[in-house]
Amino acid sequence: MQQRFPLKPLCLLVLQALACHAAYAANVADAADAAADSNLAAAVIGPIQTVEITGRGQSRQVQNINKADLAEALPGTSALKVLEKLPGVNFQSADPFGAYEWSTRFSVRGFNQNQLGFTLDGVPLGDMSYGNNNGLHISRAISSENIGSVTVSQGAGALATASTSNLGGTVQFFSQQPADELGLTFAQTLGSDSTSRTFARVDTGLLNGVAKAYLSGTRQRTDKTKGAGGQNQDQLNSKFVFSFGENKLTGFLNYSDRREVDYQDVSPEMVKRLGYQWDNYEGDWQRALNAAAGKFTGGVNSLDDAYYSAGGLRKDTLGGLTLDLNFGSHVNLNSTIYHHDNEGQGHWYTPYVPTDAANPISLRTTEYAIGRDGVTSNLTWELGSHTVNFGLWGERSNHTASRSYYGVTGPADTMVFLSKPFRTDWKQNFITTTSQYYVQDSFSAMDGALKFNVGFKGMDVAIKATNLVGSRAAGELSAEKSFLPQAGVNYAISKDDEVFASASKNMRAFQPGVSGPFSQTQVAFDAGVSKLKPETSVNLDLGYRFKRADIQGSLAVYSAQFDDRQLSVATCAGIVGCPSTLVNVGKVDTKGVEAIGVWKINRELSWFNSATFNDSKYKSDYMDGKTLVAVSGKQVVDAPRVLFNTEVSYENAGWFTRVGAKYTGQRYYTYTNDASVPSFWLANLSAGYKLKSLGGLKDLTLQANVTNLFDKKYLSSIGTNGFTASDANQTLQSMLTGAPRQVFISLNGKL
């Protein structure tokens, strides 16, 4: 008989100790390969659906969120927000759905979203930044109701991931397959701030035993939680699967039209002076005019305390076609072609540029266009105990960005795509050509108890920037590495216990667009281009996983060494839009520990806990012009040291409840760590009742969601207008307040 370790007491002791450490840290801070692996599938334990989150058999730290977790989240919630329960993951947003893109901040082990990789069904989404040049946010790529699962690799992303930004981990989204039965799926959500979200999907069912498809539509309308304006979105998603023999052809085509009015960026000093409910002037044009003339009222003492309004518009079409061919039982070829079109504008009413002598305000835009085409191809060849993978990825992205101004005469609905500006400050075009390849061998020994994977990838990303208007930089820049190795090992101590270790080297290519090297002036670019180096990292993972009849979990320690970190330093207020300064801050060292555990207390009750201690520090000072900025030994901005999540789930006789709370530690927003935002706890509730059928309806569910259950006031997103070296007076206007308590009721089912 194999030895089974008595881990339940030990696991609970570790998690509770980490929870106590999180609470202690709160007091201190206030005082001073992938989802296809069957081991990642959902496991049913009694009537409660828990999730096999531990990535069993993997040599990397891997976890999965499946449809059960996504379904009980607030409908319309970004899949990124659902991931915040996992260890190492920090997610912040100013809206209850986590879909407001200006505010979205997602990081893993101290690597922010610009340094991670994201894909949908293998199609690259870029780095999902607000001013994206080569992708789009997951909330626009697909409706949340159509996501089937999400796989997170906190450390070393899979070699096959199509990304040139994943210094840290990867997030892979997988859409649902069309249903085998003909039917209509519907969902309606109503709630706070006049929220109305309608989702409907028609599945064809299996046709002639070989084909199936679905078409869905989503319409969401919601007011902001404070101030005037809405955050609205319309989406169409479609997918088909055609099977022939052991092969299949799969395709999807998705469309999104999103229009969101922005919240006003604030500073800690502004919040103390004006309160958490402070927002822009929209609805009071005269007050905006008075402020532009220097006449302030109601506690306002600065031109930047508020503007009339701001907003973002995005239209996207994303499509992909995948051919999966099986050449016998040992060889598989999977190839995908994809296309993405994007049109976007960011609007900001600015008092810094007048329309004319009679009107001191104009509407400033940042305008985006993306057209990209690409192909990925992956070959799997099984040779005895070896599985060999080869892969290629190529993409050409045509991206244009500009800054323009439009005349305004008074309050109007300007949440439309504008044309014919009276002034354009700058306009740039970027052609980015990406090529990437990888080779990997996975093999086993000791009757499969010992597994190895070893491989490498190479990439070449070339940017050609053309300056069309203004004085921003033009030129050519490339990032190339032909050998980025990755290796891992997994050893099964018993059928329920295993240890794993992995190591990888990654590179992040240079970024075109509104930030990065080409956002500087031509003079600054020419002076520094010879010294520019792409960011690189080395990630190490070591961990232990276990599974019992009523408890499962993992414990991992990790280290990341980050070289040539590029920082874009804000040089003026965000609305002014000065060229940024790009500085190399040298090395960053990260060390941390993660723990996760799920305990099935009984048939109805389950308890989930995850905890993270992450220590990310700059290891080098840097020069800002002729000024030395002493940051060596300082904590990395927006990288909380402590994260803790706890969630209790109950399900019995159709009733279900989830109550969860997340602790986020203190976060610095200056490189010298002289200013920070305090730690906070945030709780959420989901509860409802599932009916088997009612009349002609099936799987009918009535669900209530309460976000920010205890109506906590807190600062959520930081760095919305960048970070700065020092802010002793806490006046940097680069953060957003969190959404207050919100209540929503949803009804969904099938016909």
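Use the structure listed above.
Treat the numbers as computed from the prediction; the structure is a model and nothing was measured.

A word on the environment of Tyr352
Step number 1: Its location among the elements puts Tyr352 in the loop between strand S17 (331-350) and strand S18 (362-383).
Step number 2: In this structure the C-alpha to C-alpha distance between Tyr352 and Ala179, which are 173 residues apart in sequence, comes to 55 Å.
Step number 3: Here Asp304 takes part through its side chain, which lies 2.8 Å from a polar atom of the side chain of Tyr352.

What about the side chain of Lys81?
Step number 1: Within the secondary structure layout, Lys81 lies in helix H3 (residues 79-82).
Step number 2: What makes Lys81 buried here is its relative accessible area of 16%.
Step number 3: Ignoring anything within four residues of it in the chain, the contact list for Lys81 reads Phe91, Pro96, Phe97 and Gly98.

A short note on the sheet that holds strand S10 (residues 170-175)
Step number 1: What the five strands build is an open sheet, ordered S3-S9-S10-S7-S8; its pairing is mixed. Bordering the open sheet on either side are strand S3 (62-66) and strand S8 (123-124), each of which pairs with just one other strand.
Step number 2: For strand S7 (residues 117-120) and S8, the ladder comprises two bridges, and the chain directions are antiparallel. Its bridge partner lying in S8, Leu120 is registered against Val123.

Quick notes on unusual backbone geometry
Step number 1: A positive phi angle, near 55 degrees, is found at Met446, a position not held by glycine.
Step number 2: Along the chain, Met446 turns up in the loop between strand S20 (423-445) and strand S21 (450-469).
Step number 3: The phi torsion at Asp638 lies on the positive side, around 55 degrees, for a residue other than glycine.
Step number 4: Mapped onto the elements of the fold, Asp638 is located in the loop between strand S31 (627-629) and strand S32 (642-652).
Step number 5: Residue class for Asp638 comes out buried when judged on its relative accessible area of 11%.

Overview of the sheet that holds strand S5 (residues 105-108)
Adjacent strands of a sheet form backbone hydrogen bonds with each other and so pair up, either parallel or antiparallel.
Step number 1: Pairing is antiparallel in the open sheet, where three strands are placed in the order S4-S5-S6. The sheet terminates laterally at strand S4 (89-92) and strand S6 (111-112), the two strands that pair on one side only.
Step number 2: Of the pairings in the sheet, the one linking S4 to S5 comprises four bridges and is antiparallel in character. In the strand pairing of S5, Val89 is matched with Val108.

Rules and cut-offs
Residues numbered from 1 in each chain as written. Predicted model: local features only at pLDDT ≥ 70, side-chain atom pairs only at ≥ 80, totals over all residues. Heavy atoms only, no water. Helix = DSSP H or I, 4+ residues; strand = E, 2+ residues; numbered from the N terminus. Polar contact = N/O pair within 3.5 Å; in protein donor to acceptor, adjacent residues only side chain to side chain. Buried < 20%, exposed > 50% of the residue type's maximum accessible area, 1.4 Å probe, protein only. Contact = heavy atoms within 4.5 Å. Pairing = 2+ DSSP bridges.

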